[in-house]
Amino acid sequence: AKKYYILDGFVSDHVSLLMSQSKLYLYLSIFESDRKRKLAMYNKRIELLAPLLTQLNKSVYEAFHKQISYELGEIYIALLDLKLDKFRNRPSNTSIDHLINKSNIIV
């Protein structure tokens, strides 16, 4: 469907397809227990949605722009939560500076 509903000409359909695909990764990540795979799914969602913010005209597609921005914000918060869970569950002998730097990169 993404091959037919390209961004140039079928903007609404293309954006809806990408947002639906992002939701599928979200629902799939709920059942995933492996943290690395869950991180990969969140990163895939970012890869799908982030380019749309630069490709869409903000004044023409304001609703889509807001919707995508909100969705990306939720994704980044979920990524931060996953990283902070690793920080909270760290062994006592692990260096804290390395984990703080990795979490700050996400923020």
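How each quantity is defined
Residues numbered from 1 in each chain as written. Predicted model: local features only at pLDDT ≥ 70, side-chain atom pairs only at ≥ 80, totals over all residues. Heavy atoms only, no water. Helix = DSSP H or I, 4+ residues; strand = E, 2+ residues; numbered from the N terminus. Contact = heavy atoms within 4.5 Å. Areas by Shrake-Rupley, 256 points an atom, 1.4 Å probe, with all protein chains shown as cover. Salt bridge = Lys/Arg side-chain N within 4 Å of Asp/Glu carboxyl O. Buried < 20%, exposed > 50% of the residue type's maximum accessible area, 1.4 Å probe, protein only. Axes fitted to C-alpha atoms, helices over the stretch in contact; angles between N-to-C directions. Parallel < 35°, antiparallel > 145°, perpendicular 65-115°, else oblique. Left-handed = near helix turned anticlockwise from the far one by under 90°. Nonpolar A, V, L, I, M, F, W, Y, C, P; charged D, E, K, R; others polar. pLDDT = per-residue confidence, 0-100. Expected span 1.5 Å × (residues − 1). Bend = angle between axes of the 7 residues up to and from the residue. Lys, Arg positive; Asp, Glu negative; His and termini not counted. Core = buried A, V, L, I, M, F, W, Y, C linked by side-chain atoms within 4.5 Å.

## With respect to the overall build of the chain
Okay, so step 1: Secondary structure assignment for the chain yields four helices and zero strands.
Okay, so step 2: Ordered by position from the N terminus, the helices and strands of the chain form the series α-α-α-α.
Okay, so step 3: Expressed as a percentage of contacts within the chain between residues at least 6 apart in sequence, the contacts between residues at least 24 apart total 49%.
Okay, so step 4: Surface exposure of the chain reaches about 7400 Å², of which carbon and sulfur atoms provide 56%.

## Focus on the pattern of salt bridges
Okay, so step 1: According to the stated counting rule, one finds four salt bridges in the structure shown.
Okay, so step 2: Of the charged contacts, one joins Lys23 and Glu71 as a salt bridge, the two residues approaching to 3.6 Å between their closest N and O atoms. Here Lys23 is found in helix H1 (residues 11-30), whereas its partner Glu71 is found in helix H3 (residues 62-88), with 48 residues between them in sequence.
Okay, so step 3: For Lys23, a relative accessible area of 29% gives the class partly exposed.
Okay, so step 4: By relative accessible area, which is 6% here, Glu71 ends up buried.
Okay, so step 5: Through salt bridges that share partners, Lys23, Arg45 and Glu71 make up one connected network.

## Some words on the packing of helix H2 (residues 35-55) against H3
Okay, so step 1: Contact pair H2 / H3: the axes reach a minimum separation of 10 Å and the direction vectors enclose 155°. In terms of orientation, H2 lies roughly antiparallel with respect to H3. In the packing of H2 onto H3, the handedness of the crossing is left-handed. On H3, the residues touching Arg35, Lys38, Leu39, Tyr42, Asn43, Arg45, Ile46, Leu49, Ala50, Leu52 and Leu53 of H2 are His65, Ile68, Ser69, Glu71, Leu72, Ile75, Tyr76, Ala78, Leu79, Leu82, Lys83 and Lys86.
Okay, so step 2: Here the residues of the contact of H2 with H3 sort into 14 nonpolar, three polar and six charged.

## Observations regarding the confidence of the model for the chain
Okay, so step 1: On average, residues of the chain carry a pLDDT of 81, and 77% of them reach 70 or more.
Okay, so step 2: Mean pLDDT across the elements of the chain bottoms out in helix H4 (residues 96-106) (67) and peaks in H2 (90).

## Observations concerning H2
Okay, so step 1: Spanning 21 residues, H2 covers 31 Å between terminal C-alpha atoms, matching the ideal 30 Å at 1.5 Å per step.
Okay, so step 2: A bend of about 25° at Glu47 is the largest found in H2, and the proline Pro51 appears one to four places after it.
Okay, so step 3: Those residues of H2 that sit buried are Lys38, Leu39, Met41, Tyr42, Arg45, Ile46, Leu48, Leu49 and Leu52.
Okay, so step 4: Buried-residue contacts for H2 involve H1 and H3.

## Focus on the side chain of Lys38
Okay, so step 1: Within the element layout of this structure, Lys38 appears in helix H2.
Okay, so step 2: In this structure Lys38 is buried but unpaired, with Asp85 as the nearest side chain of opposite charge at 7.8 Å.

## Looking at the nonpolar core
Okay, so step 1: Counting 18 residues, the largest nonpolar core has Val15, Leu49, Leu52, Leu56 and Ile68 as its most contacted members.
Okay, so step 2: Elements that contribute at least two residues to this core include exactly H1, H2 and H3.
Okay, so step 3: The biggest single contributor to this core is H3, with seven residues.

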